[in-house]
Amino acid sequence: MKKSPLVVQHLSKEFPPAKKCGDPFVAVDDISFELKEGQILGLLGPNGAGKSTTISMLLGTLSPTAGSISYFGKDFATNRSEALQEVTFASTYIKMPWRLSVMENLRIYGLLYGVDGLVFHNRLEKFMKFFGVWEQRFKTMNALSAGQITRIMLAKAFLPYPKIVLLDEPTASLDPDIAHQVREFVKLQQKEHNVSILYTSHNMEEVTDVCDEVMFLKHGKIVAVDKPLNLARSVKVARMRLMVKDGLKRIRKFAKAQSLPAKVEVREVVIEIGEQDIAAFLEKLAGEKITYSQISIDKPDLEDYFLQMSKDN
């Protein structure tokens, strides 16, 4: 049976207490997962859930308190340099040396991975033209916009034919059209080169579009692993939007009596309600002689799941 490129077993990370009499802070608490070949796995969770700490351990910049990380069937602790020749990383929040030009930075990076000469130039030109930043290649990093830097960092991550790419918020500083371009690029790399990708983002629409599977972290623990749509379906509350013609105050009062959250925007009322309760609720509205001209029902999506999981203790 073929082994997964990345296997994490019982991984934990504790930090010393802020005060001498305090308890250690457990940032990652006994997590185990696999990143399969050619898979895009989403790593989700609210701020402080342990995502960044997990990625830092996967890159070797933090040492685990307990547990193990294996890349390509080999223990990461004893084969770090070998593993990192096949693993790359890109983040909106990590920058390259400011005073070097884009070309100088990427040439040094390519040499570290054994990518030089015509191969380096062809791949660099291909990726940077795809992202519309080829004309910026001779500029120093401090002369670029945040969006340009993000795109160059992404091109850098895929430059050396990696087998695994860790992407931390790759579209956080990008306009919607460029963010869409990035998502298409990531999916293309997966399709053409069977790259395995661990993907973090706070854009749930993006995660649904890109990720094959999602792993949700909370308080350092994995609380769910499933396909994005399956997680969305686990949320039982939908949003019902009504354009009310007559009875605006009465519908608010009626929703409150039913303990249903309701928001009013001009004449539109948005009510959070269980999908199974919608038909009965509309019948009661008719009995109250509340009339409406339009109705739409938004089914739960991954963002609803994220918000629900982030609220729950």
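Keep in mind it's a predicted model, so treat the numbers as computed, not measured.

Undergrad: Help me understand the overall build of the chain, please; the structure alone is not making it clear to me.
TA: Looking only at helices and strands, the chain has 11 helices and 14 strands in total. Taken over the C-alpha atoms alone, the chain extends approximately 75 × 50 × 45 Å along its principal axes. In the structure as shown, the chain presents an accessible area of about 16700 Å², 52% of it carried by carbon and sulfur atoms. Averaging the positions of the 42 positive and the 38 negative side-chain charges in the chain gives two centres separated by 3 Å.

Undergrad: How should the pattern of salt bridges be read in this particular structure?
TA: As a working rule, side chains carrying opposite charge can pair if their charged atoms are close by. Under the definition given, this model contains 12 salt bridges. For the salt bridge of R107 with D116, the shortest nitrogen-to-oxygen distance reads 4.0 Å. Take R107: its relative accessible area is 36%, and that puts it in the partly exposed class. The salt bridge partner of K187 is D209, with a shortest N-O separation of 3.0 Å.

Undergrad: Before we go on, may I ask you to explain the packing of helix 4 (residues 117-130) against helix 6 (residues 176-193) in this structure?
TA: Between two packed helices, the angle of one axis relative to the other and the distance separating the axes together describe the packing. The contact between helix 4 and helix 6 brings their axes to 11 Å, and the two run at 145 degrees. Contact residues: K126, F127 and F130 in helix 4; Q181, F185, Q189 and E192 in helix 6. Grouping the constituent residues of the contact of helix 4 with helix 6 by class yields three nonpolar, two polar and two charged.

Undergrad: It is not clear to me how the sheet that holds strand 9 (residues 213-218) should be interpreted in this structure. Could you clarify?
TA: Sheets are built from strands that pair by backbone hydrogen bonding, the pairs being arranged parallel or antiparallel. Taken in spatial order, the six strands make up an open sheet running 6-7-8-3-9-10, and their pairing is mixed. Edge positions in the open sheet fall to strand 6 (87-91) and strand 10 (221-226), since each of these has one partner strand only. Averaged over all neighbouring strand pairs, the angle between strand axes comes to 20 degrees, with direction disregarded. One ladder, built from four bridges, connects strand 3 (residues 40-44) with strand 9; its direction is parallel. The residue bridging L43 from the neighbouring strand is M215, located in strand 9. Relative to strand 6, helix 5 (residues 146-158) is tilted by about 175 degrees, and along the sheet it contacts strand 6, strand 7 (164-168) and strand 8 (196-200).

Undergrad: Could you clarify how one ought to interpret the nonpolar core in this entry?
TA: Side chains of a nonpolar character, in soluble globular proteins, are inclined to be buried together. Judged by nonpolar contacts, the single largest core of 51 residues is most densely connected at F158, L167 and I197. In terms of residue count, helix 5 provides more of this core than any other element does, seven residues in total. Contacts of F158, omitting those with residues within four sequence positions, involve R123, F127, V165, L167, F185, Q189, V195 and I197. V8, L35, L59 and F89 belong to the second largest nonpolar core, which has 26 residues in total.

Undergrad: In this structure, what is going on with helix 5? I would like to understand it.
TA: The periodicity of an α-helix, 3.6 residues per turn, causes residues three or four places apart in sequence to face the same way. The end-to-end C-alpha separation of helix 5 is 19 Å, in line with the 18 Å expected for 13 residues at 1.5 Å each. Taken across its 13 residues, helix 5 has 12 buried, putting it largely inside the fold. Inspection of helix 5 places G147, Q148, I149, T150, R151, I152, M153, L154, A155, K156, A157 and F158 among the buried residues, and these make up the whole buried set. Those residues of helix 5 that are buried are in contact with strand 6, helix 3 (102-112), helix 4, strand 7, helix 6 and strand 8.

Undergrad: Mind showing me how you'd approach the side chain of E169 here?
TA: Here E169 lies in the loop between strand 7 and helix 6. The side chain of E169 is buried and forms no salt bridge, while K51, the nearest opposite charge, is found at 6.2 Å.

Undergrad: Just checking my understanding: could you explain the pairing of strand 4 (residues 66-71) for this structure?
TA: Working note: regular strand, side chains alternate between the two faces of the sheet. Relative to strand 4, strand 1 (residues 6-15) is paired through five bridges, and the arrangement is antiparallel. Looking across to strand 4, one finds that S12 is bridged to A66. Hairpin connection, strand 4 to strand 5 (residues 74-75): the antiparallel pair is bridged by two residues, and F72 has positive phi, about 55 degrees.

Undergrad: Before we go on, may I ask you to explain the sheet that holds strand 1 in this structure?
TA: Spatial strand order, 2-1-4-5: four strands in an open sheet with antiparallel pairing. Looking at the sheet topology across the chains shown, the edges are occupied by strand 2 (25-35) and strand 5.

Undergrad: Please clarify how unusual backbone geometry should be interpreted in this entry.
TA: Negative phi values dominate among residues other than glycine, just as trans dominates among peptide bonds. For D30, which is not glycine, the phi torsion reads 60 degrees and is therefore positive. By the element assignment, D30 lies in strand 2. Under the relative-accessibility criterion, D30 is labelled partly exposed at 42%. With phi around 55 degrees, F72 is a residue other than glycine that occupies positive phi space. The topology assignment puts F72 in the loop between strand 4 and strand 5.

Undergrad: Would you mind going over the packing of aromatic side chains with me for this structure?
TA: What characterises a pair of aromatic rings is the spacing of the ring centres plus the angle enclosed by the ring planes. Following the criterion strictly, the structure yields 10 aromatic pairs and no others. When the centroid spacing of 6.2 Å and the interplanar angle of 35 degrees are considered together, the rings of Y71 and F72 count as tilted. Relative accessible area serves as the criterion here: at 31%, F72 is assigned to the partly exposed category. Arranged with centres 5.1 Å apart and planes meeting at 80 degrees, the rings of Y71 and F76 form a pair that is edge-to-face. Given a relative accessible area of 2%, Y71 falls into the buried group. The structure contains a cluster of three or more aromatic residues connected by ring pairs, namely F127, F130, F131, F158 and F185. The residue whose ring lies beneath K13 is F15, and the NZ or CZ to ring-centre distance is 5.4 Å. When the ring centre of F72 is taken as reference, the NZ or CZ atom of K163 above it lies at 5.6 Å.

Thresholds applied
Residues numbered from 1 in each chain as written. Predicted model: local features only at pLDDT ≥ 70, side-chain atom pairs only at ≥ 80, totals over all residues. Heavy atoms only, no water. Helix = DSSP H or I, 4+ residues; strand = E, 2+ residues; numbered from the N terminus. Areas by Shrake-Rupley, 256 points an atom, 1.4 Å probe, with all protein chains shown as cover. Lys, Arg positive; Asp, Glu negative; His and termini not counted. Charge placed at Lys NZ, Arg CZ, Asp CG, Glu CD. Salt bridge = Lys/Arg side-chain N within 4 Å of Asp/Glu carboxyl O. Buried < 20%, exposed > 50% of the residue type's maximum accessible area, 1.4 Å probe, protein only. Axes fitted to C-alpha atoms, helices over the stretch in contact; angles between N-to-C directions. Contact = heavy atoms within 4.5 Å. Nonpolar A, V, L, I, M, F, W, Y, C, P; charged D, E, K, R; others polar. Pairing = 2+ DSSP bridges. Core = buried A, V, L, I, M, F, W, Y, C linked by side-chain atoms within 4.5 Å. Expected span 1.5 Å × (residues − 1). Phe/Tyr/Trp six-rings, centres within 6.5 Å; stacked < 30°, edge-to-face > 60°. Lys NZ or Arg CZ within 6 Å of the ring centre and 35° of its normal.

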